Amino acid sequence: MQKPSIPKGTRDFSPEEMANRNYIFNTIKSVFQLYGFRQIETPAQENLSTLMGKYGEEGDKLLFKILNSGDFAGGVADEEWAAKNSVKLTSKISEKGLRYDLTVPFARYVVQHRDQITFPFKRYQIQPVWRADRPQKGRYREFYQCDADVVGSNSLVNEAELLQMIDEVFHRLNINVTIKLNNRKILAGIAEIIGQSDKIVDITVAIDKLDKIGLNNVNAELIEKGIPQDAIDRLQPVLLLQGSNAEKLNTLKTVLAASETGLKGVEELETIFDLVSLTQIATTIELDLTLARGLNYYTGAIIEVKANDVQIGSISGGGRYDNLTGVFGMDGVSGVGISFGADRIYDVLNQLNGFPAMSEENTRLLFINFGDKEQRFCLPLLKAVRSAGINAEIFPEAAKIKKQMSYADGKKIPFVAIVGENEMNANAVMLKNMTSGEQQLVPVDELTDKINAQ
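Remember, predicted model here, so these are calculated numbers, not experimental data.

**Structural notes on the overall build of the protein**
When its secondary structure is counted, the protein shows 18 helices and 16 strands. For the protein, whose C-alpha radius of gyration is 29 Å, the value lies well above the compact-globule estimate of 22 Å for 454 residues. Across its three principal directions, the C-alpha atoms of the protein cover 95 × 65 × 45 Å. The buried share among the 454 residues of the protein stands at 46%.

**Structural notes on helix α12 (residues 245-255)**
Looking at α12, one finds that the buried residues are Lys248, Leu249, Leu252 and Val255. Projected onto a plane normal to the axis of α12, the buried residues spread over an arc of 120° and lie on a single side. Buried residues along α12 sit in contact with α8 (184-193), α11 (229-239), α13 (260-277) and β8 (284-287).

**Let's talk about the nonpolar core**
Membership of the largest hydrophobic core comes to 90 residues, with the highest contact counts inside it found for Phe170, Ile175, Phe340 and Ile345. Residue contacts for Ile345: discarding those within four places in its chain leaves Ile24, Ile28, Phe170, Leu173, Ile175, Ile315 and Phe340. Counting residues in each nonpolar core, the second largest holds 18 residues, with Cys378, Leu381, Val429 and Ile451 among its members.

**Observations regarding the sheet that holds strand β12 (residues 365-367)**
The sheet built from five strands is open, its strands ordered β13-β12-β14-β15-β16 with mixed pairing. Every interior strand has two partners, whereas the edge strands, β13 (392-394) and β16 (439-443), have only one. Looking at each pair of strands side by side, their axes are set apart by 25° on average, direction ignored. Two strands pair when backbone bridges link them, and β12 and strand β14 (residues 415-418) are joined in this way by three bridges, in the parallel orientation. Note that in β14 the partner of Leu366 across the bridge is Val416. The strands touched by helix α15 (residues 372-387) are β12, β13 and β15 (428-433); relative to β13, the strand with the most contacts, the crossing angle is about 170°. The strands touched by helix α16 (residues 401-410) are β12, β13, β14 and β15; relative to β12, the strand with the most contacts, the crossing angle is about 165°.

**So, the side chain of Asn182**
Structurally, the position occupied by Asn182 is in strand β7 (residues 177-183). For Asn182, a relative accessible area of 0% puts it in the buried group. Within the structure, Asn182 has its side chain in polar contact with the backbone oxygen of Leu289 (distance 3.3 Å). At 2.8 Å, the side chain of Asn182 and the backbone oxygen of Leu291 are in polar contact.

**Focus: the sheet that holds strand β3 (residues 65-66)**
Sheet strands line up and pair through hydrogen bonds in the backbone, either parallel or antiparallel. Here three strands make up an open sheet; going across it, the order is β2-β4-β3 and the pairing antiparallel. Sheet topology places β2 (45-47) and β3 at the edges, where each strand pairs with a single neighbour. Where β3 meets strand β4 (residues 96-98), two bridges bridge the pair, whose relative direction is antiparallel. Within the sheet, the bridge partner assigned to Lys65 lies in β4 and is Gly97.

**Overview of the environment of Asn425**
Relative to the helices and strands, Asn425 is located in helix α17 (residues 421-425). Each C-alpha atom, one on Asn425 and one on Arg386, is 23 Å from the other, the two residues being 39 residues apart in sequence.

**What to know about the packing of helix α1 (residues 15-34) against helix α7 (residues 157-173)**
Here α1 crosses α7 at 145°, and the two axes come no closer than 10 Å. For the pair α1 and α7, the sense of crossing is right-handed. Facing Tyr23, Ile24, Thr27, Ile28, Ser30, Val31, Phe32 and Leu34 of α1, the residues of α7 in contact are Met165, Glu168, Val169, Arg172 and Leu173. Classifying every residue of the contact of α1 with α7 gives nine nonpolar, two polar and two charged.

**Thoughts on the packing of α12 against α13**
At a minimum axis separation of 10 Å, α12 and α13 run at an interaxial angle of 160°. The orientation of α12 with respect to α13, classified from their angle, is roughly antiparallel. At the point where α12 passes α13, the crossing takes the left-handed sense. Contacts between α12 and α13 involve Asn245, Leu249, Leu252 and Lys253 from the former and Leu263, Val266, Leu269, Glu270 and Phe273 from the latter. Of the residues contributing to the contact of α12 with α13, the split by class is six nonpolar, one polar and two charged.

**Focus on the packing of aromatic side chains**
Under the definition given, this model contains eleven aromatic pairs. Seen from their ring centres, Tyr109 and Phe121 are 6.2 Å apart, and the 15° between their planes marks the pair as stacked. Of this pair, Tyr109 sits in helix α6 (residues 103-112) while Phe121 sits in strand β5 (residues 121-130); the two residues are twelve residues apart in sequence, bridging distant segments of the chain. In terms of burial, Tyr109 and Phe121 fall into one category: buried. Plain terms: the ring middles of Tyr346 and Phe355 are 5.0 Å apart, the flat faces sit at 50° to each other, and that makes the pair tilted. The pair formed by Tyr346 and Phe355 is uniform in burial state, with each residue classed as buried. An aromatic cluster is present here, built from Phe32, Phe37, Tyr124, Phe170 and Phe340 joined pairwise through their rings. One Lys or Arg, Arg11, reaches over the ring of Tyr140 and ends 3.5 Å from the middle of that ring.

**A short note on a nonpolar patch on the surface**
A contiguous nonpolar patch, built from Leu67, Phe72 and Trp81 and spanning about 260 Å² of accessible area, is present on the exposed surface. The topology assignment puts Phe72 in the loop between β3 and α4 (78-83).

Each value, and the rule that gives it
- Per chain, the residues get numbers from 1 upward, laid out in the order the sequence is written.
- For this predicted model, a pLDDT threshold of at least 70 governs which residues receive local features, and a threshold of 80 or more governs which side-chain atom pairs are given and counted, while totals over whole chains, interfaces and linings are taken from all residues.
- Excluding hydrogens and water, the side-chain figures rest on all heavy atoms present in the structure.
- Only DSSP runs of H or I reaching four residues or more are called helices, and only runs of E reaching two or more are called strands; each is numbered from the N terminus.
- For this measure, only C-alpha atoms enter the radius of gyration; the expected value for a globule follows 2.2 Å times N^0.38, where N is the number of residues.
- Any residue under 20% of the maximum accessible area for its type is buried, any over 50% is exposed, and the rest in between are partly exposed; the area is computed with a 1.4 Å probe on protein chains only.
- Think of the arc as the fan of directions from the helix axis to the C-beta atoms.
- Whether two residues are in contact is decided by their heavy atoms, any of which lying within 4.5 Å being enough.
- Buried residues of nine kinds, namely Ala, Val, Leu, Ile, Met, Phe, Trp, Tyr and Cys, make up a nonpolar core once their side-chain atoms join them within 4.5 Å.
- In this scheme, strands are said to pair when DSSP sees at least two bridges between them.
- Think of each axis as a best-fit line through the C-alpha atoms, taken over the contacting stretch in the case of a helix, with angles from 0 to 180 degrees between the N-to-C directions.
- For the purposes of these results, a polar contact is taken to be a pair of N or O atoms within 3.5 Å, where, inside protein, one atom must be able to donate a hydrogen and its partner to accept one; residues adjacent in sequence count only when each atom of the pair is a side-chain atom.
- Left-handed describes a crossing whose near helix is turned anticlockwise from the far helix through less than a right angle; right-handed describes the clockwise counterpart.
- Residues were grouped as follows: Ala, Val, Leu, Ile, Met, Phe, Trp, Tyr, Cys and Pro as nonpolar; Asp, Glu, Lys and Arg as charged; and all remaining residues, including Gly, as polar.
- Throughout, the term roughly parallel applies to angles under 35 degrees, roughly antiparallel to angles over 145, roughly perpendicular to angles from 65 to 115, and oblique to all others.
- Aromatic rings from Phe, Tyr and Trp, taking only the six-membered ring of Trp, are treated as a pair when their centres fall within 6.5 Å; an angle between ring planes under 30 degrees marks them as stacked, one over 60 as edge-to-face, and anything in between as tilted.
- Definition used: whenever NZ (Lys) or CZ (Arg) falls within 6 Å of the ring centre and also within 35 degrees of the ring normal, the charge is taken to sit over that ring.
- Nonpolar side chains (Val, Leu, Ile, Met, Phe, Trp, Tyr) within 5 Å and like charges within 9 Å form the patches, drawn only from residues with over 30% relative accessible area and no salt bridge.
- Using a 1.4 Å probe, the Shrake-Rupley method yields the accessible areas, and only the shown protein chains count as cover for residues.
- By definition here, a salt bridge exists when the distance from a side-chain nitrogen of Lys or Arg to a carboxyl oxygen of Asp or Glu is within 4 Å.

Here it is as structure tokens:
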């Protein structure tokens, strides 16, 4: 008989893992709500017409397509099968796909429900997404995204608020991070002043390697990409940018004096730094010109978050985009958003032993079952402690006490209530602390207070 298995790139989560994952999700969710974001959900499947063409050619290949229900092959001619053109065939036999991210479904949602939405619209979404990627360490075919976006507002107050939210989430999770900040307009301005606007991607990819390969190798790579020496010479002050955020911005003002776009980017970052300074956030925010994520869709601020104490990629990121809904025929809706990488945050907390020892979801009290009479005595008590918000259960059978104690140990239940003939006569329970082994007789009406005090 074949052993059961799950598809590559997917995972099962045990109760312990789910308790830890919920700790992350609940922390992020409570911060989103604190800042006025409201939750939406969109279906796991979207029409392929919604998804295709939004992620580039590579992204389209990574979409999981769903076969049409019923006789999906019925409308396909024999010669079309024989031609083996998978792209054409797919369009005939599949109309739906699993969502690849939360952003495109969000854009579709905004356009579809524009008449019911109050703008600016602050939404958050915590849902799984699917990508037909090659599974490898840290890369899965099914994973969760935790997104918060504000659409319908150009104000840089939104960027400042998102940075505060990042600070708050990682403060609550007790992870030391650095927030990297850049602006797409500054990158465009740099390419413009050295006369290489069409080479913005090559320039930023090379700048991105500065830490790893050093200045000389970056310059060599730029020459290789066909960028003339005089343009590279003009780029040196940017590559050698040092100092505080304010000093870097002052240098950029001089370097980008001839670029209106570049100066606009500098001005935007100055405003964001100024607004954030009023809120005294604890996290270090660093202007980092090598930050070039999402170049094809971000139009303003670019945000990335790195964990300081663990070697791992970025654990959160985002930025400003100018035309989220344009692909669905609703122009001019600017937005800014961030996404928390729950799976990477999980790995960081795992390495730091940062999960709380006692999960809120865990059972805190187990009633031992000695038989029918004792069970009848315990059930009203069970109801009372649960009404007081204490997670509690009773062992369902009158099994050997050793088996019931092993059950409590296996589930890491901290307290066990032992009720036999003597305890019932005294209208009390023998409460055992499973960590210290200590036992004490507790009157029934003091039981909840006793557990809540621990």
